[in-house]
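Take a look at the letters that make up each chain.
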Amino acid sequence: MFLTKTYEVEDCYFYDDATTDNTSKYTTSAISSFTQDTDHYIATKTMASASATNYYAHLYPTDIADLPSDYEFSIDLKVNSKGSDFQSGLQVSDSHITTYQYMNELSNLLRQSDLGIFYRVNGTLTRHTGNHILSTSVWYRLTFKVEGTSVNAVVTNLDSSSVVFSETKTLSNVTGWHKSQLAFGGQTQTLHFKNLKVKPL
């Protein structure tokens, strides 16, 4: 008897499945704890209050200088605790940001009761989101596919294999935004993540 297993081969710009401890290869801002546990990372933000000037904490692989022109950016996330005004997810901008004042932002975010695309130009926010009550202790996959000015964002509940958000928008400013990060918005929260991937298209 011969047993076979199928593997998918991808040409990734960056990939971390979190099965080994690569925490030293990440840059963090306002993250109080960042550790690796068996097959995923655990990051905690502890903040008594979050104002416009310190709203976002972030985390990103140090060796990613800039995203490719066209790319797919994805991550698997699980939330075990949600603080006030919770939101976390993938974020792309022209710089690594901690404030939303006067800043540029393309985000695929999980929040308390909605999720999807958050698009901010010079501080002005446009939401392309859907209603969804975020479940704790459930793995979600967040994906951005950016090709020119076309942005496709998908959120999948991996525990139920169901797509809970999928939308494609034309967003003209994204062609000049090449800094990526995992964003933590709001106050105290603990986030589990793995399979952080950037794939050129």
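Just so it is clear, the model here is predicted, and its values are computed rather than measured. (Residues numbered from 1 in each chain as written. Predicted model: local features only at pLDDT ≥ 70, side-chain atom pairs only at ≥ 80, totals over all residues. Heavy atoms only, no water.)

## Concerning the overall build of the protein chain
Next up, step 1: A count of helical and extended segments in the protein chain gives 0 helices and 15 strands.
Next up, step 2: Against the 2.2 N^0.38 benchmark of 17 Å for 201 residues, the protein chain shows a C-alpha radius of gyration of 16 Å, consistent with a compact globule.
Next up, step 3: Taken along its principal axes, the extent of the C-alpha atoms in the protein chain is 60 × 35 × 35 Å.
Next up, step 4: Looking at the protein chain as a whole, 50% of its 201 residues are labelled buried. (Helix = DSSP H or I, 4+ residues; strand = E, 2+ residues; numbered from the N terminus. Rg over C-alpha atoms; globule rule 2.2 N^0.38 Å. Buried < 20%, exposed > 50% of the residue type's maximum accessible area, 1.4 Å probe, protein only.)

## Here's the deal with the pairing of strand β7 (residues 87–93)
Next up, step 1: Where burial is concerned, most of β7 is hidden: 7 out of the 7 residues are buried.
Next up, step 2: Looking at chain direction, β7 and strand β8 (residues 105–111) are connected through 6 bridges and run antiparallel. Note that in β8 the partner of G89 across the bridge is L109.
Next up, step 3: Bridge analysis of β7 against strand β14 (residues 179–185) gives 7 bridges, and the strand direction is antiparallel. Paired with S88 across the bridge in β14 is F184. (Pairing = 2+ DSSP bridges.)

## Some remarks on unusual backbone geometry
Next up, step 1: Positive phi outside glycine occurs at A18, with the angle close to 70°.
Next up, step 2: Along the chain, A18 turns up in the loop between β1 (14–16) and β2 (26–29).
Next up, step 3: Residue class for A18 comes out buried when judged on its relative accessible area of 0%.

## A look at the pattern of salt bridges
Next up, step 1: Inspection of the entire model under this criterion finds 9 salt bridges.
Next up, step 2: Close ionic contact of K199 with E10 constitutes a salt bridge, the shortest N to O distance being 3.0 Å. Taken as a pair, K199 in strand β15 (residues 189–200) and E10 in the segment before β1 lie far apart in primary sequence, 189 residues in all.
Next up, step 3: Relative accessible area serves as the criterion here: at 18%, K199 is assigned to the buried category.
Next up, step 4: With a shortest N-O distance of 3.2 Å, K169 and E167 are connected by a salt bridge.
Next up, step 5: Overlapping salt bridges bring together E10, K197 and K199 as one network. (Salt bridge = Lys/Arg side-chain N within 4 Å of Asp/Glu carboxyl O.)

## Remarks on the confidence of the model for the protein chain
Next up, step 1: Scored by pLDDT, the protein chain comes out at a mean of 92, with 95% of its residues at no less than 70.
Next up, step 2: Within the protein chain, no element has a lower average pLDDT than strand β6 (residues 71–82), which sits at 91, and none a higher one than strand β12 (residues 150–157), at 98. (pLDDT = per-residue confidence, 0-100.)

## A short note on the side chain of H128
Next up, step 1: Structurally, the position occupied by H128 is in strand β10 (residues 124–131).
Next up, step 2: Given the relative accessible area of 17%, H128 is considered buried.

## Quick word on the packing of aromatic side chains
Next up, step 1: One pass over the structure, following the stated rule, counts 9 aromatic pairs.
Next up, step 2: When the ring of Y26 is compared with that of F193, the centres are 6.4 Å apart and the planes differ by 70°; the resulting orientation is edge-to-face. In this pair, Y26 sits in strand β2 while F193 sits in strand β15, placing the two residues 167 residues apart along the sequence. F193 shares its class with Y26; the two are buried.
Next up, step 3: Here a set of aromatic residues connected by ring pairs shows up, and it is made of Y26, F34, Y41 and F193.
Next up, step 4: The ring of Y55 carries the charged tip of K45 above its face, separated from the ring centre by 6.0 Å. (Phe/Tyr/Trp six-rings, centres within 6.5 Å; stacked < 30°, edge-to-face > 60°. Lys NZ or Arg CZ within 6 Å of the ring centre and 35° of its normal.)

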